[in-house]
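Structural description and commentary
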Amino acid sequence: MARIIVVTSGKGGVGKTTTSAAFAMGLAERGFKTVVIDFDVGLRNLDLIMGCERRVVYDFVNVISGEANVGQAMIKDKRNPNLFILPASQTRDKEALSIDGVGRVLDELAKEFEFIVCDSPAGIEKGATMAMYFADDAIVVTNPEVSSVRDSDRMIGILSSKSRRAEQGLEGIREFLLVTRYSPERVQRGEMLALEDVQDILSLDLIGVIPDSPSVLNASNAGVPVILDRESSAGQAYSDMVSRYLGEDLPHRFLTVEKKGLFGRLFRG
Amino acid sequence: MALLDYFRQRKTTGSAAIAKERLQILVAHDRRGGGPSYLPQLKNDLLKVIRKYVAVDNDAVSVNLERDGAQEILELNIVLPD
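So, a few notes on the structure that sits alongside this text. Throughout, a residue's number is its position along its own chain's written sequence, starting from 1. Here chains are named by letter from A upward and ligands by number from 1 upward, in the order in which they appear as written. Per-residue local features of the predicted model are confined to residues with pLDDT of at least 70, and side-chain atom pairs are confined, for both listing and counting, to 80 or more; whole-chain, interface and lining totals are unaffected and use all residues. Side-chain numbers come from the whole structure's heavy atoms, not from hydrogens or water.

A closer look at the packing of helix α7 (residues 146-161) of chain A against helix α2 (residues 15-32) of chain B
Angles here are taken between N-to-C directions and fall from 0 to 180 degrees, while the axes themselves are lines fitted to C-alpha atoms, restricted in helices to the stretch in contact. For helices the rule is a DSSP run of H or I covering at least 4 residues; for strands it is a run of E covering at least 2, with both sets numbered from the N terminus onward. With their axes 10 Å apart at the nearest point, α7 of chain A and α2 of chain B run at an angle of 25° to one another. Overall, the two elements α7 of chain A and α2 of chain B adopt an arrangement that is roughly parallel. The hand of the α7 of chain A/α2 of chain B crossing is right-handed. Residue-level contacts link V146, V149, R150 and D153 of chain A of α7 of chain A to A19, L23, L26, V27, D30 and R31 of chain B of α2 of chain B. Should an angle fall under 35 degrees it is taken as roughly parallel, and over 145 as roughly antiparallel, whereas 65 to 115 is taken as roughly perpendicular and any remaining angle as oblique. It is the rotation of the near helix from the far one that decides the hand of a crossing: anticlockwise by less than a right angle makes it left-handed, clockwise makes it right-handed. Residues are treated as being in contact if the distance between any of their heavy atoms lies within 4.5 Å.

This is how it looks when you write it as structure tokens:
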């Protein structure tokens, strides 16, 4: 039976798609058959972050409406044979998603895959609620910034009430906090909420902290999930996060300011 | 040492502390929710009843619902004129 994970946040631009791409690639690299689905109907971007935008023929909405089967719509990743991408429609709107339709597609995928990663759109409208409805686990992506933390708190409330698990009285969705764009330098200067502050407010299990890193933009420029940039702190932090999701107990890294030489320190201020 | 103190001071007076304080208040408020939808109507009806006896302002009555675990506390605060 496949495990369904939703990557959600409420607020836009915090790193949901970056996280979905990295997480799905990480699971595939550990040998798990993984599919990542873009739920942002009308504003698809996962294909771009995954670097397969020119290979999109059919999409998620085509599959729901029966115009294509799921095998025709999925794009096989060229770097990892375990990974498939199901792109969103660019021309339709989110109303094309229905519980029945999405449920049918997920049931079919569950026969073939071990992990189904659902990349949620921002907001709390149809696309976002559909992405979370069938989830077993949720990764709540949060920036250490007031509006992102507030929206994450809202999403946590919605996750616990508007899901299949909640409606059927099953055990609730397992929720994990992923803090992204974290800058230890700015935290040290008192300009940014510290990790402990965010955890204090949201009180969720912390699955990872992704440092603010230029490698994230480089990766998206190139259409390569940042987890494949093994030299970068962000790539390593995503790799750690995948390990923790799979049950390993790893200490969090990149939480403190790297020690700089005297000159670095003098000129930084 | 003066340079170090400068950084220390900024740490305690940085905007992150304000952010945390604002968020704690806001999140607590959001989690309480707006309360049942009849609260504004209840407030209006109370105002009407009180006005039969004393002239009070619109903001003389405040209705607040607090949740504390399984317990709900409906707090009514009526300010009468001197």
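A word on the nonpolar core
Residues and elements named next belong to chain A. Counting 57 residues, the largest nonpolar core has L86, L109 and I116 as its most contacted members. Residues in contact with L86, not counting those within four places in the same chain, are V35, V36, I37, D38, D59, F60, V70, A73, M74, V105 and L109. Of all hydrophobic cores here, the second largest spans 36 residues; its members include V14, L46, M50 and C52. By convention a nonpolar core is built from buried Ala, Val, Leu, Ile, Met, Phe, Trp, Tyr and Cys residues, the set being connected through side-chain atoms within 4.5 Å. Buried residues are those whose accessible area, probed at 1.4 Å on protein chains only, stays under 20% of the maximum for their type, while exposed residues exceed 50% and partly exposed ones sit between those limits.

Observations regarding a nonpolar patch on the surface
What goes into a patch is any residue over 30% in relative accessible area without a salt bridge, connected to like charges within 9 Å or, for nonpolar side chains (Val, Leu, Ile, Met, Phe, Trp, Tyr), within 5 Å. Where accessible areas are quoted, they stem from the Shrake-Rupley method and a 1.4 Å probe; at the residue level, only the protein chains shown are allowed to cover. Salt bridge criterion: a side-chain nitrogen from Lys or Arg within 4 Å of a carboxyl oxygen from Asp or Glu. Together, V49, Y53, V54, I78 and L80 of chain B give the surface a local cluster of nonpolar side chains, amounting to about 490 Å² of exposed area. Along the chain, the position of V49 of chain B falls in helix α3 (residues 39-51).

Re empty space enclosed by the protein
All names here are of chain A. Buried and open spaces are told apart on a 1 Å grid over the protein atoms alone, a cavity being a set of points where a 1.4 Å probe fits but cannot get out and a pocket being an open set with protein on both sides within 12 Å along at least five of seven lines. Residues with an atom within 4 Å of a point are the lining residues. Grid points are joined across faces, edges and corners, and a volume is the space filled by probe spheres set on the points. Applying the stated criterion across every chain, the model contains two cavities of 30 Å³ or more. Roughly 40 Å³ of internal volume is contained in the largest cavity. As for the largest cavity, its lining consists of T18, A21, A22, I49, V216, A219, S220, V224, P225 and V226. Residues are sorted three ways: Asp, Glu, Lys and Arg are charged, Ala, Val, Leu, Ile, Met, Phe, Trp, Tyr, Cys and Pro are nonpolar, and all the rest, Gly among them, are polar. Of the residues belonging to the lining of the largest cavity, the class tally is eight nonpolar, two polar and no charged. Each pocket or cavity is described by its volume, and for the second largest cavity that value is around 30 Å³. In terms of lining residues, the second largest cavity is bounded by G208, V209, A237, D240, R244, H252, R253 and F254. Secondary-structure elements contributing two or more residues to the lining of the second largest cavity are β8 (205-211) and α12 (233-245). A per-element tally of the lining of the second largest cavity places α12 first, with three residues. For the lining of the second largest cavity, the per-class residue count stands at three nonpolar, two polar and three charged.

Quick word on the layout of surface pockets
All names here are of chain A. The calculated volume of the second largest pocket comes to roughly 480 Å³. Forming the boundary of the second largest pocket are 27 residues, of which G13, G15, K16, T17 and T18 lie nearest the centre. Among the secondary structure elements, those contributing two or more residues to the lining of the second largest pocket are α1 (16-29), α2 (46-50), β7 (174-182), β8 and α11 (214-222). Looking at the lining of the second largest pocket residue by residue, the class counts come to 11 nonpolar, 10 polar and six charged.

Observations concerning the sheet that holds strand β2 (residues 34-38) of chain A
All names here are of chain A. With respect to topology, eight strands assemble into an open sheet ordered β3-β4-β2-β5-β1-β6-β7-β8, the strand pairing being mixed. If you trace the sheet from one side to the other, it starts and ends with β3 (75-76) and β8, each paired once. Here a strand pair is declared whenever DSSP counts at least two bridges between the two strands. As judged from the six bridges shared by strand β6 (residues 137-142) and β7, these two strands associate in the parallel manner. Among the inter-strand pairings, A138 is bridged to a residue of β7, identified as E175. Packing of α12 onto the sheet brings it into contact with β1 (3-8), β5 (115-119), β6, β7 and β8, and relative to β8 it is tilted by some 165°.

Some points on the interface of chain A and chain B
Counting residues at the interface gives 16 residues for chain A, matched by 15 residues for chain B. Any N or O atom pair separated by 3.5 Å or less is treated as a polar contact, with the protein-specific requirement of one donor-capable and one acceptor-capable atom, and with residues adjacent in sequence counted only for side-chain atom pairs. Along the contact surface separating chain A from chain B lie seven residue pairs in polar contact (both at pLDDT 80 or more). Looking at the side of chain A that touches chain B, the elements that each hand over two or more residues are α7 and α10 (195-202) of chain A. For the side of chain A that touches chain B, the class distribution of residues is seven nonpolar, three polar and six charged.

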